[in-house]
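Here is what each chain is made of, one letter per residue.
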Amino acid sequence: MIKHYEIAGNRLSQHMEGSGPVWVAVAPDDRDRTLLQKQFDLDDYDLISTLDPDEIPRLDYTDGRLFLILKLPHCATVSEAIELD
């Protein structure tokens, strides 16, 4: 799924009318992957890197293009007491 956002008033807000300047793709399907590759001129390596759960977060700037892989931690709740050694 691809969501589009815009920056307005120093805030990021969801852009409801089609395509905003900020794209967020979470678990893209094959159609979304093809669209992302065409829109942003991504090769297979870059696209696969973004979807790899073990890929480290990174920022690349090459040939006038900024490429960011951002990983967000999952929230977890501990229901039992834990002792750390």
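Everything below is about the structure printed above this text.
Calculation criteria
- Numbering of residues starts from 1 in each chain and follows the order in which that chain's sequence is written.
- Note on the predicted model: pLDDT of at least 70 is required for a residue's local features to be given, and 80 or more for side-chain atom pairs to be given and counted; whole-chain, interface and lining totals, by contrast, use all residues.
- Excluded from the side-chain calculation are hydrogens and water; included are all heavy atoms of the structure.
- Any residue with an atom within 4 Å of a point lines the site, the site being either a cavity, points on a 1 Å grid over the protein atoms alone where a 1.4 Å probe fits but cannot get out, or a pocket, an open set with protein on both sides within 12 Å along at least 5 of 7 lines.
- Grid points are joined across faces, edges and corners, and a volume is the space filled by probe spheres set on the points.
- Only DSSP runs of H or I covering at least 4 residues are called helices, and only runs of E covering at least 2 are called strands; the numbering of each starts at the N terminus.
- Definition used for salt bridges: Asp or Glu carboxyl oxygen within 4 Å of a side-chain nitrogen of Lys or Arg.
- Here's how the labels work: a residue is buried when its accessible area is under 20% of the maximum for its type, exposed when over 50%, partly exposed in between, all with a 1.4 Å probe on protein chains only.
- Excluding any residue in a salt bridge, patches collect residues exceeding 30% relative accessible area, merging like charges within 9 Å and nonpolar Val, Leu, Ile, Met, Phe, Trp and Tyr side chains within 5 Å.
- To measure how exposed things are, a 1.4 Å probe is used in the Shrake-Rupley method; for residues, cover is taken only from the protein chains shown.
- In the analysis that follows, any N or O atom pair within 3.5 Å is treated as a polar contact, provided that within protein one partner can donate a hydrogen and the other can accept it, and provided that, for residues neighboring in sequence, both atoms belong to side chains.

Draft legend 1. Region of the structure containing the layout of surface pockets. There is about 1200 Å³ of room inside the largest pocket. What lines the largest pocket is a set of 25 residues, and nearest its centre among them are Trp23, Val24, Ala25, Thr50 and Leu68. Of all elements in the fold, only β3 (22-25), α1 (30-40), α2 (44-51) and β5 (65-69) reach the threshold of two or more residues within the lining of the largest pocket. Looking at which element gives the most residues to the lining of the largest pocket, the answer is β5, with five residues.

Draft legend 2. Spatial organisation of the pattern of salt bridges. According to the stated counting rule, one finds three salt bridges in the structure shown. Put simply, Arg58 and Glu55 hold a salt bridge, and the shortest N to O gap is 2.9 Å. Accessibility assignment for this pair places Arg58 and Glu55 in one class, buried. Here Arg58 and Asp60 are joined by a salt bridge, their closest N and O atoms 2.3 Å apart. One network of salt bridges, in which partners are shared, links Glu55, Arg58 and Asp60.

Draft legend 3. Expanded view of a nonpolar patch on the surface. Together, Leu59, Tyr61, Leu66, Leu68, Leu70 and Leu72 make up a nonpolar patch on the protein surface, roughly 750 Å² of accessible area in all. Listed by contribution, the elements that provide at least two residues to the nonpolar patch are β4 (58-62) and β5. Mapping Tyr61 onto the fold places it in strand β4.

Draft legend 4. Summary view of α1. Two to three positions downstream of the cap, the backbone nitrogen of Arg31 sits 3.2 Å from a side-chain oxygen, assigning the N-cap of α1 to Asp29. Taken from the residues just after α1, Asp41 is the one with a positive phi, measuring 50°.

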